[in-house]
There are 2 protein chains.
Amino acid sequence: MKPLILVSNDDGIHASGVHALIDVLVNLGEVVVVCPDSPQSGQSMAITSNSMLRIKQVEDYNGAKMYKVNGTPVDCIKLAMHTVLCRKPDLVVSGINHGSNASINAMYSGTMGAAFEGCAFGIPSIGFSLTDHSADADFTYCLSFVETISKAVIEKGLPEGVALNVNIPDCFPHPTEMRLTKGCKGKWTDEYKEYVDPSGKKFYLLTGKFINEEPDNTDTDEWCLSHGIVSVVPVALDRTAPISNCKISQLLT
Amino acid sequence: MKPLILVSNDDGIHASGVHALIDVLVNLGEVVVVCPDSPQSGQSMAITSNSMLRIKQVEDYNGAKMYKVNGTPVDCIKLAMHTVLCRKPDLVVSGINHGSNASINAMYSGTMGAAFEGCAFGIPSIGFSLTDHSADADFTYCLSFVETISKAVIEKGLPEGVALNVNIPDCFPHPTEMRLTKGCKGKWTDEYKEYVDPSGKKFYLLTGKFINEEPDNTDTDEWCLSHGIVSVVPVALDRTAPISNCKISQLLT
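Chemist: Can you break down the sheet that holds strand 7 (residues 162-168) of chain B residue by residue, with the values?
Modeler: Residue and element names in this part refer to chain B. Across the sheet, which stays open at both edges, the 9 strands sit in the order 3-4-2-1-5-6-7-13-8 with mixed pairing between neighbours. A single partner strand is all that each edge strand has here, and the edge strands are strand 3 (55-61) and strand 8 (178-180). Averaged over neighbouring strand pairs, the angle between their axes works out to 25° when direction is ignored. Helix 1 (residues 16-25) contacts strand 1 (4-8), strand 2 (30-36), strand 3, strand 4 (64-69), strand 5 (91-98) and strand 6 (125-130) of the sheet and is inclined by roughly 140° relative to strand 5.

Chemist: Report on the sheet that holds strand 13 (residues 230-236) of chain A, specifying residues and quantitative values.
Modeler: Residue and element names in this part refer to chain A. Here we have 9 strands laid out as an open sheet, ordered 3-4-2-1-5-6-7-13-8, and mixed in their pairing. At either margin of the open sheet sits one strand with a lone partner, and together these are strand 3 (55-61) and strand 8 (178-180). When strand polarity is set aside, the average angle formed by the axes of neighbouring strands in this sheet is 25°. Pairing geometry for strand 2 (residues 30-36) and strand 4 (residues 64-69), over 5 bridges, is parallel. Note that in strand 4 the partner of valine 33 across the bridge is methionine 66. Running over the sheet, helix 1 (residues 16-25) touches strand 1 (4-8), strand 2, strand 3, strand 4, strand 5 (91-98) and strand 6 (125-130) and is turned about 140° from strand 5. Contacts between helix 2 (residues 73-84) and the sheet are confined to strand 1, strand 2, strand 3, strand 4 and strand 5, with strand 2 contributing the most and set at about 130° to the helix.

Chemist: Describe the relation of the copies chain A and chain B, with residues and values.
Modeler: The two copies are related by a screw operation: chain A maps onto chain B through 180° of rotation and 0.0 Å of translation along the axis, at an RMSD of 0.0 Å. What the superposition gives is, in effect, a two-fold axis relating one chain to the other. A symmetric contact is evident, with 100% of the interface residues of chain A recurring at the interface of chain B.

Chemist: Please provide a residue-by-residue account of helix 2 of chain A, values included.
Modeler: Residues and elements named next belong to chain A. For helix 2, with 12 residues, the first-to-last C-alpha span of 15 Å sits near the 16 Å given by 1.5 Å per residue. Judged by how many residues are buried, helix 2 sits mostly within the fold: 10 of 12 residues are covered. All buried positions along helix 2 are accounted for by Pro73, Val74, Asp75, Cys76, Ile77, Lys78, Leu79, Ala80, Met81 and Val84.

Chemist: Got a sec to walk through unusual backbone geometry? Specific residues and values, please.
Modeler: A negative phi holds for most residues other than glycine; trans holds for most peptide bonds. All names here are of chain A. Residue isoleucine 96 is reached from glycine 95 by a cis peptide bond, and omega for that bond is -15°. Structurally, isoleucine 96 can be placed in strand 5. The residue after phenylalanine 172, namely proline 173, is reached through a cis peptide bond having omega 0°. One can find proline 173 in the loop between strand 7 (162-168) and strand 8. Phi is positive for asparagine 50, close to 65°, though the residue is something other than glycine. Checked against the element boundaries, asparagine 50 lands in the loop between strand 2 and strand 3. Residues other than glycine seldom take positive phi values, yet serine 103 does so here, at roughly 50°. Counting through the fold element by element, serine 103 comes out in the loop between strand 5 and helix 3 (105-108).

Chemist: Pulling in residues and values, what's your account of the packing of aromatic side chains?
Modeler: Per the stated rule, a full pass over the model turns up 6 aromatic pairs over all chains. Relative to Tyr204(B), the ring of Tyr192(B) has its centre 6.3 Å away and its plane inclined at 80°; by these criteria the two rings are edge-to-face. Taken together, the positions of Tyr192(B) in strand 10 (residues 192-196) and Tyr204(B) in strand 11 (residues 202-206) put the pair 12 residues apart, joining distant regions of the chain. Like Tyr204(B), Tyr192(B) is buried. Seen from their ring centres, Tyr195(B) and Phe203(B) are 5.1 Å apart, and the 10° between their planes marks the pair as stacked. Under the relative-accessibility criterion, Tyr195(B) is labelled partly exposed at 28%. You can call Phe203(B) buried: its relative accessible area is 12%. Just above the ring of Phe116(B) sits the side chain of Arg239(A); from NZ or CZ to the centre is 3.8 Å.

Chemist: Describe the interface of chain A and chain B, listing the residues and the values that go with them.
Modeler: At the interface, 73 residues of chain A touch 73 residues of chain B. Together, the buried faces of chain A and chain B total about 6500 Å²; carbon and sulfur atoms form 65% of this surface. Ranking the residues of chain A by area buried against chain B places Tyr192(A), Arg239(A) and Leu251(A) at the top, with a combined share of 13%. Between chain A and chain B we count 6 salt bridges in total.

Chemist: Can you explain the pairing of strand 6 of chain A? Please cite residues and give values.
Modeler: Looking along a regular strand, one sees side chains alternate from face to face of the sheet. All names here are of chain A. When you tally the buried positions in strand 6, you get 6 out of 6 residues, the bulk of the element. Alternating positions in strand 6 separate into two faces, Ser125, Gly127 and Ser129 on one and Ile126, Phe128 and Leu130 on the other, with burial throughout. By the bridge criterion, 5 bridges tie strand 5 to strand 6 in an arrangement that is parallel. Paired with histidine 98 across the bridge in strand 6 is leucine 130. Handedness of the β-α-β unit built from strand 6, helix 5 (residues 143-156) and strand 7 comes out left-handed.

Chemist: Break down the packing of helix 1 of chain B against helix 5 (residues 143-156) of chain B for me, citing the residues and quoting the values.
Modeler: Residues and elements named next belong to chain B. Viewed as axis vectors pointing N to C, helix 1 and helix 5 meet at an angle of 55°, and their least axial separation amounts to 9 Å. As judged from the angle between their axes, helix 1 and helix 5 are oblique. The way helix 1 lies across helix 5 gives a crossing that is right-handed. Contacts between helix 1 and helix 5 pair Ala20, Leu21, Val24 and Leu25 from the former with Leu143, Val146, Glu147 and Ser150 from the latter.

Chemist: Run through the side chain of Asn167(B), naming residues and quoting values.
Modeler: All names here are of chain B. Here asparagine 167 lies in strand 7. Within the structure, the side chain of asparagine 167 is placed 3.5 Å from the backbone nitrogen of alanine 102, a separation counted as a polar contact. Polar contacts involving the side chain of asparagine 167 include one to the side chain of asparagine 165, which spans 3.2 Å. In this structure, asparagine 167 is in contact with Ser100, Asn101, Ala102, Ser129, Leu225, Val230 and Ser231, ignoring residues within four places of it in sequence.

Calculation criteria
Residues numbered from 1 in each chain as written. Chains lettered and ligands numbered in written order. Predicted model: local features only at pLDDT ≥ 70, side-chain atom pairs only at ≥ 80, totals over all residues. Heavy atoms only, no water. Pairing = 2+ DSSP bridges. Helix = DSSP H or I, 4+ residues; strand = E, 2+ residues; numbered from the N terminus. Axes fitted to C-alpha atoms, helices over the stretch in contact; angles between N-to-C directions. Contact = heavy atoms within 4.5 Å. Least-squares fit on C-alpha atoms with pLDDT ≥ 70 in both. Expected span 1.5 Å × (residues − 1). Buried < 20%, exposed > 50% of the residue type's maximum accessible area, 1.4 Å probe, protein only. Phe/Tyr/Trp six-rings, centres within 6.5 Å; stacked < 30°, edge-to-face > 60°. Lys NZ or Arg CZ within 6 Å of the ring centre and 35° of its normal. Buried area = accessible area lost by both parts, 1.4 Å probe. Salt bridge = Lys/Arg side-chain N within 4 Å of Asp/Glu carboxyl O. Right-handed = clockwise from strand over helix to strand, strands pointing away. Parallel < 35°, antiparallel > 145°, perpendicular 65-115°, else oblique. Left-handed = near helix turned anticlockwise from the far one by under 90°. Polar contact = N/O pair within 3.5 Å; in protein donor to acceptor, adjacent residues only side chain to side chain.

Okay, structure coming up:
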């Protein structure tokens, strides 16, 4: 039996990134795609409660069955598992995201939300992102990395509770190397632009500048990306920090 | 100068849980409250992009300045930092949530989303939850725990990149003990109820049963809660898993 691969994303079912992903994955197994029906960037692991969720089959693409959901990336994975799939997938792949999910961006990322949800179901899961936000980003040179990593994960699996966050730099010459690394310390600043509506009331739109807080640390995803290297960060579903930490223990005494 | 405490939640500005929280925190410092204007349960670290955000001051409560935002818990923290506060808070507190945020629930939790966002700003941050979903939950016996932990965190701080996820069991006799523990392995099953709308089309509403995957492990938040003990889990903002893990290293070779 061919491996079963569940695909989702956060840019929505019409994004070119997910089509690039499918083009590769149909060579590795049976592909079922369940994506949001509209862009869901920045949805993290948000779930829809108290409102009606619908899942609708749309036209096949390149041999893959395609479905759209009026919800978040996590909703897509949950509904796929509940309503569409007859067996547990061998792999969940999310992306390819239009834009970086390195450093702190991984926390807000809907792409990674879907990968974490796959991980919560005990399925080896990967999120892929390209550091180019544009709708017509060129994903062609991402495909060999997607294939290599996806194939390896199907064959070897991943440790329980761990997913992969893969970021591919938008650079020329195109990347030829990938490296296992870790999330960079970083933050966003100047996050809102202020506007005044016609009635005189203020409103805000999200924007901002990313600040790398450890630019000289060669052992981070941001360093890899700025040096033309594909970064692969293993990320844990459970966020429990080591509890041997003395400072925290003292709090309760 | 009194400590500055920023408060948010995911149940919205009218929830009784946040009022209980404020009642305690006004004794510890100057309190500014920025909450969603509507319930935002399950919003994780979702952020609002590409739509208009507004922040509006409403009537003071018990000496605390109160604001509401038409967005997620993370939006509330970001907008508070950007538009309301003149200095960096000494503490961010989110909650008290109506319902458990133990185990995997912490991943979807908007309450914890706000706490993680506080953490991202480098502020010691805590999420408090009571394992009672009802709108009229009795928060009175939570207050001494909120006070003890908040006071300790103001005084001693928290390690960089680490927040606290505090869950208080809804039980009688009321809890008298708290314990430093870790997130329990667990999952949700039977997550959707299927309906048919008047036009014959299916839709789904979120529901589900929680399954504790390590019921005999005494070193988990779920064990504490089922034994009448307040659980305190230190949680990391960054999710990078240890990269020494051989199985992952092999993937790239």
